[in-house]
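# Breakdown of the fold
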Amino acid sequence: MSMVVGVRFKNAGKLYYFDPGTLWPVAGDPVIVETMRGIEYAQCIMGVQKINEEDMTAPLKPVIRVATPDDTQQHQTNLENEKDVYEVCHQKIAEHKLDMKLVKVEYTFDRNKLTAYFTSGGRVDFRMLVKDLAATFMTRIELKQIGVRDEAKMLGGVGSCGRLLCCSEFLGDFEPVSIKMAKEQSLSLNPTKISGVCGRLMCCLKYEQDQYERARKLLPHIGRDVMTPDGRGTVVDVNALKENVKVRIPKGSDGYEYKEFLGTLVQRITPPAAVKQARPQDDKSSKKNDIQKKSSGSVQEADDVVSQGTAETTVLEDK
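Below you will find a few notes about this structure. (Residues numbered from 1 in each chain as written. Predicted model: local features only at pLDDT ≥ 70, side-chain atom pairs only at ≥ 80, totals over all residues. Heavy atoms only, no water.)

### A word on the overall build of the chain
- The number of helices and strands found in the chain is 8 helices and 13 strands.
- Residues counted as buried form 29% of the 319 residues belonging to the chain.
- Across the chain, every contact between residues at least 6 apart in sequence was considered, and the portion connecting residues at least 24 apart equals 55%.
- As presented, the chain carries roughly 21,500 Å² of accessible surface, and 52% of it is formed by carbon and sulfur atoms. (Helix = DSSP H or I, 4+ residues; strand = E, 2+ residues; numbered from the N terminus. Buried < 20%, exposed > 50% of the residue type's maximum accessible area, 1.4 Å probe, protein only. Contact = heavy atoms within 4.5 Å. Areas by Shrake-Rupley, 256 points an atom, 1.4 Å probe, with all protein chains shown as cover.)

As structure tokens, this is what we get:
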């Protein structure tokens, strides 16, 4: 067990563990930490706690100090300067005629490094651009290519539901989403309806997937015969969220009625096991095997007769 604190560098970023040392920051405190990129300003999300060593990546970087008002002012100044830096970087990209879209630029807290995030359809040779930017800003430059989902996470926006994008508000990591999830949830497979602003499948398809998988195991499938409190019927619809089924029940001589029941109130009717009957081909094959056995037996008897005659001839010659 190790004592750690959990911090985030962005509103909806990943949670990183750091060694608090002798410090005792609480959730909500801004802190200054040492990272692979350099000195960074972060927000403490989880106070000092003990966690298993298997759940963290060693070695842990230290928390340098709890941020002071001067540190917070320096961080705000960096954020304001990033807007001007973005415009200069955008102009430099246009001058070098590079096929890349600048998304965001970030300073480290100590301004020793400037990271520019961009998207592109392929590989980009930006070596001359890096030299130009380093000479302009007099600091280390790193250009990092990201995907369209990370672009949407950084820029933010409003989804088709009318709410702010989940990835920019609270999602720490992107979980895999597949078209199979949309099929299981009976959603329209129209790409414009199940895709987010990034052009990929919406992350919210994953939210209810566990419930649909659980309901698929518990509830009978459409078309199955079930026994309900009102008699025997056939399942015509399944509501995975409410965990109920709509059943068509015979009524009268030639009528039907439709009723909804909780999944716990219906019982599956197991169809009788089918009795296997011998197929004509099996009969032919069995007859063929019998003929082969008889023929092989006849050949064996003939061989015995020949061998017996040969033995008798040998005995006469000896006499």
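### Observations regarding the sheet that holds strand β10 (residues 231–239)
- Here 5 strands make up an open sheet; going across it, the order is β12-β11-β10-β9-β13 and the pairing antiparallel. One side of each edge strand has no neighbouring strand; the edge strands of this open sheet are β12 (255–262) and β13 (267–268).
- Sheet analysis places strand β9 (residues 225–228) next to β13, joined by 2 bridges and oriented antiparallel. Paired with Met-227 across the two strands is Gln-267, which belongs to β13. (Pairing = 2+ DSSP bridges.)

### A look at helix α3 (residues 148–155)
- Looking at α3, one finds that the buried residues are Glu-151, Ala-152 and Lys-153.
- Tucked inside the fold, the buried residues of α3 contact β6 (101–107), β7 (113–119) and α4 (166–169).
- A positive phi of about 75° marks Gly-156, the residue just after α3.

### Side note on a nonpolar patch on the surface
- A cluster of nonpolar side chains, contributed by Met-3, Trp-24 and Val-26, occupies part of the molecular surface with about 320 Å² of accessible area.
- The residue Met-3 is located in strand β1 (residues 2–8) in this model. (Patch = residues over 30% accessible without salt bridge, like charges linked within 9 Å, V, L, I, M, F, W, Y side chains within 5 Å. Salt bridge = Lys/Arg side-chain N within 4 Å of Asp/Glu carboxyl O.)

### Focus: the pairing of β1
- Of all 7 residues that make up β1, 5 are buried, and the element is covered over most of its length.
- In this sheet, strand β4 (residues 39–51) lies alongside β1 in antiparallel orientation, the contact comprising 6 bridges. Each residue of the ladder has a partner; that of Met-3, found in β4, is Lys-50.
- Where β1 meets strand β2 (residues 16–18), 3 bridges bridge the pair, whose relative direction is antiparallel. Bridge pairing in β2 places Gly-6 opposite Tyr-17.

### Comments concerning the packing of aromatic side chains
- Summed over all chains, the structure comprises 4 aromatic pairs.
- Ring plane angle 80° and centroid distance 6.2 Å describe the contact between Phe-9 and Phe-18, whose orientation is recorded as edge-to-face.
- Taking relative accessible area as the criterion, Phe-9 reaches 30% and is therefore assigned partly exposed.
- Judged by its relative accessible area of 5%, Phe-18 is buried.
- A cation over a ring is seen here: Lys-10 above Tyr-117, with NZ or CZ 5.4 Å from the ring centre.
- Taking NZ or CZ as reference, Lys-153 lies 5.7 Å from the ring centre of Phe-174, over its face. (Phe/Tyr/Trp six-rings, centres within 6.5 Å; stacked < 30°, edge-to-face > 60°. Lys NZ or Arg CZ within 6 Å of the ring centre and 35° of its normal.)

### Some thoughts on a negative patch on the surface
- A surface patch of like charges, here negative, comprises Asp-173, Glu-175, Asp-210 and Glu-213.
- Along the chain, Glu-175 turns up in the loop between α4 and α5 (179–184).
- Residue Glu-175 is classed as partly exposed on the basis of its relative accessible area of 44%. (Lys, Arg positive; Asp, Glu negative; His and termini not counted. Charge placed at Lys NZ, Arg CZ, Asp CG, Glu CD.)

### Some details on the pattern of salt bridges
- Overall, the coordinates contain 14 salt bridges when judged by the stated rule.
- One salt bridge connects Lys-104 with Glu-106, and the closest N-O pair in it is separated by 3.7 Å.
- Through salt bridges with shared partners, a single ionic network connects Lys-10, Arg-37, Glu-40, Lys-104 and Glu-106.

### Let's talk about the side chain of Glu-106
- Tracing the backbone shows Glu-106 in strand β6.
- Looking at Glu-106, the relative accessible area reads 10%, which means it is buried.
- Within the local environment of Glu-106, its side chain forms a polar contact with the side chain of Tyr-117, the two groups lying 3.4 Å apart.
- Beyond its immediate stretch of four places on either side in the chain, Glu-106 contacts Lys-10, Arg-37, Glu-82, Lys-113, Leu-114, Thr-115 and Tyr-117. (Polar contact = N/O pair within 3.5 Å; in protein donor to acceptor, adjacent residues only side chain to side chain.)

### Thoughts on the sheet that holds β2
- Taken together, the 5 strands give an open sheet; going across it, the order is β2-β1-β4-β3-β5, and neighbouring strands pair in antiparallel fashion. Among the strands making up the open sheet, the edge pair consists of β2 and β5 (63–66). Neighbour to neighbour, the strand axes of the sheet diverge by 50° on average, direction disregarded.
- With 5 bridges joining them, strand β3 (residues 30–34) and β4 adopt antiparallel strand pairing. In the strand pairing of β4, Ile-32 is matched with Tyr-41.
- The sheet strands contacting helix α1 (residues 69–95) are β3, β4 and β5, and the helix crosses β4 at an angle near 125°. (Axes fitted to C-alpha atoms, helices over the stretch in contact; angles between N-to-C directions.)

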